[in-house]
Amino acid sequence: MHPDLITETYGHRLRLRVCGLCIQDGQVLMVRHRGLSRKGYFWAPPGGGLHFGEPAANALQREFMEETGLQIEVEQFLFVHEFLHFPLHAIELFFTVKVRAGQLQPGYDPETGSEQIIERVKFMSYEEINQEKGVQLHDVFNHCSSINELLQCRGYFKSDHKARY
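Below you will find a few notes about this structure. (Residues numbered from 1 in each chain as written. Predicted model: local features only at pLDDT ≥ 70, side-chain atom pairs only at ≥ 80, totals over all residues. Heavy atoms only, no water.)

## Regarding the overall build of the protein chain
A tally of helices and strands in the protein chain yields five helices and eight strands. Going from N to C terminus, the protein chain has its helices and strands arranged as α-β-β-β-β-α-β-β-β-α-α-α-β. Residues classed as buried in the protein chain amount to 49% of the 165 residues present. Sequence separation of at least 24 residues holds for 68% of the intrachain contacts in the protein chain that already meet a minimum separation of 6. (Helix = DSSP H or I, 4+ residues; strand = E, 2+ residues; numbered from the N terminus. Buried < 20%, exposed > 50% of the residue type's maximum accessible area, 1.4 Å probe, protein only. Contact = heavy atoms within 4.5 Å.)

Quick look at the structure:
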């Protein structure tokens, strides 16, 4: 996705997002987005923006279905992450989730219209995640070196303002 389209789609406004940490067999479910970093791709947990009047748990269930084809149960709220690098500003609520049904498959992002950016969905070991550290990995994973460390995060975290473009 071209930086101008990223700015047009997501920029110059505050976005409230929900993100789900889905862990199975010691692996974390991740979504690979095309074009959202200088590396040409970006790994992040499934999630996305809330609609006005939509409860956070419902938004997370909708986002998982759209992006991964999975129906989930929202379990526990963990932490808040803030990303602020002009022109992007997002407040993200992280939850643990559990798969209830469905078949894992790459989905779509309704906000990007005909230029779909979801390339892949995959359960990744933390070894694989650690090999991706950098601008192509959601900042939360750049600061945690294991699943246990990730699941122990509580409170408020702010990104270190590294440019993704």
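## Observations concerning the nonpolar core
With 19 residues, the main nonpolar core has M30, Y126, I129 and F141 as its most contacted residues. Counting only elements with at least two residues in this core, the list comes to β1 (13-24), β2 (27-34), β3 (41-44), β5 (70-85), α3 (126-131), α4 (139-142) and α5 (147-151). The contacts of Y126, once residues within four sequence positions are left out, are V28, F141, C144, S145, S146, I147 and L150. Ranked by size, the runner-up nonpolar core spans 14 residues in total, among them C22, L60, F64 and I72. (Core = buried A, V, L, I, M, F, W, Y, C linked by side-chain atoms within 4.5 Å.)

## Quick word on the environment of D139
With respect to the element layout, D139 can be found in helix α4. For D139, a relative accessible area of 7% puts it in the buried group. Taking the C-alpha atoms as reference points, D139 and H81, 58 residues apart in sequence, are found 9.0 Å from one another.

## A short note on the environment of R120
Looking at the secondary structure, you find R120 in strand β7 (residues 118-125). Residues R120 and V31 lie 89 residues apart in sequence; the distance between their C-alpha atoms is 5.9 Å. Apart from residues lying up to four places away in sequence, R120 is in contact with M30, V31, R32, W43 and P106.

## Quick word on the environment of D25
Within the element layout of this structure, D25 appears in the loop between β1 and β2. Residue D25 is classed as exposed on the basis of its relative accessible area, which comes to 80%. Sequence-wise, D25 and F123 are 98 residues apart; in three dimensions their C-alpha atoms are separated by 9.1 Å.

## Remarks on the side chain of R17
Mapped onto the secondary structure, R17 falls in strand β1. By relative accessible area, which is 15% here, R17 ends up buried. Within polar-contact distance, the side chain of R17 engages the backbone oxygen of G47 at 3.4 Å. What R17 contacts, discounting residues up to four positions off in sequence, is G47, G48, G49, L50, A90, I91, E92 and L93. (Polar contact = N/O pair within 3.5 Å; in protein donor to acceptor, adjacent residues only side chain to side chain.)

## What about the packing of aromatic side chains?
By the definition in use, this model includes four aromatic pairs. With a centroid separation of 4.6 Å and an interplanar angle of 15 degrees, the aromatic rings of F79 and F94 are classed as stacked. One end of the pair, F79, is in strand β5; the other, F94, is in strand β6 (residues 88-102), and 15 residues separate them in sequence. For the pair shown, F79 and F94 are each scored as buried. Between F79 and F157, the ring centres sit 5.5 Å apart and the planes meet at 85 degrees, which makes this aromatic pair edge-to-face. Within this pair, whereas F79 is found in strand β5, its partner F157 is found in strand β8 (residues 155-158), the two being separated by 78 residues in sequence. Here F79 falls in the buried class, since its relative accessible area comes to 0%. (Phe/Tyr/Trp six-rings, centres within 6.5 Å; stacked < 30°, edge-to-face > 60°.)

Remember that the coordinates give geometry; whether it matters functionally is a separate question.
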